[in-house]
Amino acid sequence: MLKSLIFQSSRCFNKLSSLPKQLSIISQKNHSTSSNNHDIDGFKSIFFSYSTSVSYPKDYVQKLIDIQRSEKISPYIFFIKDQLKSNNFNGVAPTKRMKDLGEKWNSMTELDKKQYIELAAKNREQFSEQRKKLLSTLNEDEISNLNEDVKREKIERLKKLKETRKKREKIRQKAPKRPRGAFFLYCDTLDRGEAHVKDFTRGAAAKWKLMAEQDKQKFFDLANELMERYQKDYSEWEAKMVEKGKKNLIRKKTVQAIDLKRPKKSKKKAKKAIKAMRKILIV
C-alpha cells in the first residue's frame with residue numbers, strides 16, 4: 001500500500017512539473033499581492049485533478065497488449081501451428097509452404113475446421129478472463145489511462161515497424177549510403193590494432209581535439225566532396241524509385257517538388273469535362 005502511494009504521488013508531481021511555465025509566473029504575481037493560502041487555493045483544483053488520475057504498474061501496458069494479441073488468435077493460426085508440428089517441411093520455401101497450407105485450409109469442410117474453431121474460442125475465453133482479472137485491480141480512472149497508454153504504445157510500435165520496413169526496402173533497392181563525416185574519415189587513417197571500438201574512438205576524439213584547424217581542413221574538404229556526390233546519386237536513385245512507383249521510399253521534400261512540377265488542370269478544361277460527362281449520363 002505504501003509503495004503504491006509513493007508511486008502515485010511521484011507521478012502526480014511529475015505531471016505538475018510538466019505544466020506550462022505560465023502557472024509559475026501567475027503564482028509569483030499572486031504571491032506578491034495575496035497570502036500563501038490564496039496561492040494554495042488557486043492551485044488546489046489543478047493538484048487534485050492530477051492526483052485523482054492514479055497510476056498503475058508499468059508492466060500493465062505490455063501485459064494488456066499481450067492479452068489483446070492472444071485474444072485475437074484465429075482458428076487458421078491454430079491450424080498452421082498444428083500442421084507445422086505434424087508435417088515435415090524441410091527443403092520447402094516458406095512462401096510455398098504457407099501457400100500450400102492456405103489452399104489446404106480453404107479446401108477443408110466446416111467439420112474438419114471445428115477442432116481449430118473450438119481451440120480459438122477456448123483461447124479467447126481464457127485470455128478474456130485474464131484481461132478482466134487484470135483490470136479488476138484498477139479503478140475507472142486507471143483503466144481509462146491504461147487504455148490510452150496502450151493505444152499510444154501501439155501507434156509508436158506501428159511507426160517503428162513502418163520505419164524498419166522502409167529501411168529494409170531501401171537496402172533492397174540499393175539506396176546510396178550516407179558518407180562519413182570528417183572525424184570518421186580521420187579515424188580511417190589511424191591504426192586501430194587490437195583496441196576496443198570505444199577505447200579507439202575515445203583516443204581518436206582526444207587527438208582530433210588537439211589537431212590544428214589546418215590539419216583538419218583536408219578531412220572537411222573530403223567530407224564535403226563525398227556529400228555532394230552522395231546528394232547527386234541519391235537524387236538519381238529517387239528518380240528511379242518514382243519511375244518504379246515507390247514514392248514511399250523517397251524524401252518528403254522530393255515528393256513535394258514532384259507534385260509542384262505536375263501541370264495543374266485549368267478550371268475551363270475541368271468544366272468542359274464535367275459538361276461532357278453530364279451529356280453522356282443524360283443520353
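All residue numbers here refer to positions counted from 1 along the written sequence of the relevant chain. With the structure being a predicted model, the display of local features is reserved for residues of pLDDT at least 70 and the display and counting of side-chain atom pairs for 80 or more, all residues being used for whole-chain, interface and lining totals. Remark: hydrogens and water are excluded; side-chain values derive from all non-hydrogen atoms of the structure.

Attention now goes to the nonpolar core. Across soluble globular proteins, nonpolar side chains show a tendency to be buried alongside one another. Counting residues in each nonpolar core, the largest one holds 12 residues, listed as Tyr56, Tyr60, Val61, Leu64, Ile65, Ile67, Phe127, Leu134, Leu135, Leu138, Leu146 and Val150. Mapped by element, the contributors of at least two residues to this core are helix H4 (59-71), helix H7 (110-135) and helix H8 (140-172). The dominant element in this core, judged by the number of residues it contributes, is H4, at 5 residues. Think of a nonpolar core as a cluster: buried Ala, Val, Leu, Ile, Met, Phe, Trp, Tyr and Cys residues, connected wherever their side-chain atoms sit within 4.5 Å. Each residue's exposure class comes from its accessible area (1.4 Å probe, protein chains only) as a fraction of the maximum for that residue type: buried when under 20%, exposed when over 50%, partly exposed otherwise. Secondary structure elements are taken from DSSP: a helix is a run of H or I of four residues or more, a strand is a run of E of two residues or more, and numbering for both begins at the N terminus.

Bringing the packing of H4 against H8 into the picture now. Across the interface, H4 lies against H8 with an axial gap of 10 Å and an inter-helix angle of 75°. When the interaxial angle is binned, H4 and H8 end up roughly perpendicular. Of the residues in H8, those touching H4 at Tyr60, Val61, Gln62, Leu64, Ile65, Gln68 and Arg69 are Leu146, Asn147, Asp149, Val150, Glu153, Lys154 and Arg157. Grouping the amino acids of the contact of H4 with H8 by side-chain chemistry returns 6 nonpolar, 3 polar and 5 charged. Lines fitted to C-alpha atoms define the axes here, with helix axes fitted over just the stretch in contact, and angles between the N-to-C directions of these axes take values from 0 to 180 degrees. Convention used here: angles under 35 degrees read as roughly parallel, angles over 145 as roughly antiparallel, angles from 65 to 115 as roughly perpendicular, and any remaining angle as oblique. Every residue pair with non-hydrogen atoms within 4.5 Å of one another is taken to be in contact. Residue type decides the class: Asp, Glu, Lys and Arg count as charged, Ala, Val, Leu, Ile, Met, Phe, Trp, Tyr, Cys and Pro as nonpolar, and the leftover types, Gly among them, as polar.

A low pLDDT score tells you not to read the predicted coordinates there in detail. Along the chain, pLDDT gives the predictor's confidence residue by residue, from 0 to 100. Here the protein shows a mean pLDDT of 79. Residues at 70 or above account for 71%. The secondary-structure element of the protein with the lowest mean pLDDT is helix H2 (residues 21-33), recorded at 45, while H7 shows the highest, at 93. Here residues 18-38 is a poorly scored stretch, pLDDT under 50, and it has 10 contacts once near neighbours within four places are set aside; other chains count. Taken together, the stretch residues 43-53 has pLDDT below 50 and engages in 15 contacts with residues farther than four places along the chain or on a different chain.

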